[in-house]
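What follows is each chain in one-letter form.
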Amino acid sequence: MSDSLERLYLAVLAAKDLDPATSRTARLFQRGPSKMAKKLAEEAIEVVIDAVNGDSEAVIRESADLLYNLTVLWASAGVRPEDVWREMARREDMLGIAEKLPKSPVKLPKVASPRVAARRPIVALEGRVSRKRH
Ligand SMILES: N=c1c2ncn([C@@H]3O[C@H](COP(=O)(O)OP(=O)(O)OP(=O)(O)O)[C@@H](O)[C@H]3O)c2ncn1[C@@H]1O[C@H](COP(=O)(O)O)[C@@H](O)[C@H]1O
């Protein structure tokens, strides 16, 4: 996956200075970051709609369009795929540390914290509302 995104990113860089009349990518670079952002958002919304409609084939197609538009915005913003991979690796490392936390049960404080106490009336209210509905 990261290999094909890197190839796509390089293809986008190679196309950005082509003739906007023949290259979609060059056209997006000519129109600038706000147009790129709009296209990216449109593709994201299409993925969301297709997912909600249960159309997995369309989700796959629109996801590929979404990734293309994401690489265009990265290129415009001076962000390289490896910058994103580094951030992902950093997060994986953090999760790795979390997994190494002691597995013995954590003792809860005897007195509920103010946050938990403050939530109690809301829970009771929710209970009353749902009883009225039935
Ligand atoms: N990989 C892609 C790629 N994937 C998806 N798209 C998108 O293809 C979609 C086109 O689908 P449609 O014809 O249905 O167009 P549309 O969304 O209805 O309408 P518009 O996007 O034209 O407004 C657009 O949303 C593009 O954003 C891509 N456009 C270009 N590339 C690659 O980008 C490189 C540069 O290509 P050019 O931009 O053509 O120079 C090449 O390697 C291309 O293969």
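Residues numbered from 1 in each chain as written. Predicted model: local features only at pLDDT ≥ 70, side-chain atom pairs only at ≥ 80, totals over all residues. Heavy atoms only, no water.

- Where an unreviewed UniProt entry is consulted, the protein appears under the name Phosphoribosyl-ATP pyrophosphatase, with the organism given as Bradyrhizobium japonicum.
- Among the UniProt annotations of the protein, the heading Catalytic activity (unreviewed entry) holds the following wording: "1-(5-phospho-beta-D-ribosyl)-ATP + H2O = 1-(5-phospho-beta-D-ribosyl)-5'-AMP + diphosphate + H(+)".
- Annotation of the protein in UniProt includes, under Sequence similarities (unreviewed entry), the sentence "Belongs to the PRA-PH family." (UniProt positions renumbered as here; feature names shortened; annotations may be inferred.)

Let's talk about the confidence of the model for the protein
And then number 1: Per-residue confidence for the protein gives a mean pLDDT of 84; residues scoring 70 or more make up 73%.
And then number 2: Scored below 50 in pLDDT, residues 116–134 shows 1 contact in the model against residues more than four places distant or in partner chains.
And then number 3: For this predicted complex, the interface score ipTM comes out at 0.89, while the overall pTM is 0.77. (pLDDT = per-residue confidence, 0-100. Contact = heavy atoms within 4.5 Å.)

Things to note about the site of the ligand
And then number 1: Close to the ligand lie Leu8, Ala11, Ala15, Ser23, Arg24, Thr25, Lys39, Glu43, Asp65, Tyr68 and Asn69.
And then number 2: Side-chain polar atom of Lys39 to an oxygen atom of the ligand: 2.7 Å apart, as the coordinates give it.
And then number 3: The protein chains hide 51% of the 830 Å² of surface that the ligand would expose on its own.
And then number 4: The set of elements that each furnish at least two residues to the shell around the ligand consists of α1 (2–15), α2 (24–31), α3 (33–52) and α4 (56–77).
And then number 5: A class-by-class count of the residues in the shell around the ligand yields 4 nonpolar, 3 polar and 4 charged. (Near = heavy atom within 4 Å. Polar contact = N/O pair within 3.5 Å; in protein donor to acceptor, adjacent residues only side chain to side chain. Areas by Shrake-Rupley, 256 points an atom, 1.4 Å probe, with all protein chains shown as cover. Helix = DSSP H or I, 4+ residues; strand = E, 2+ residues; numbered from the N terminus. Nonpolar A, V, L, I, M, F, W, Y, C, P; charged D, E, K, R; others polar.)

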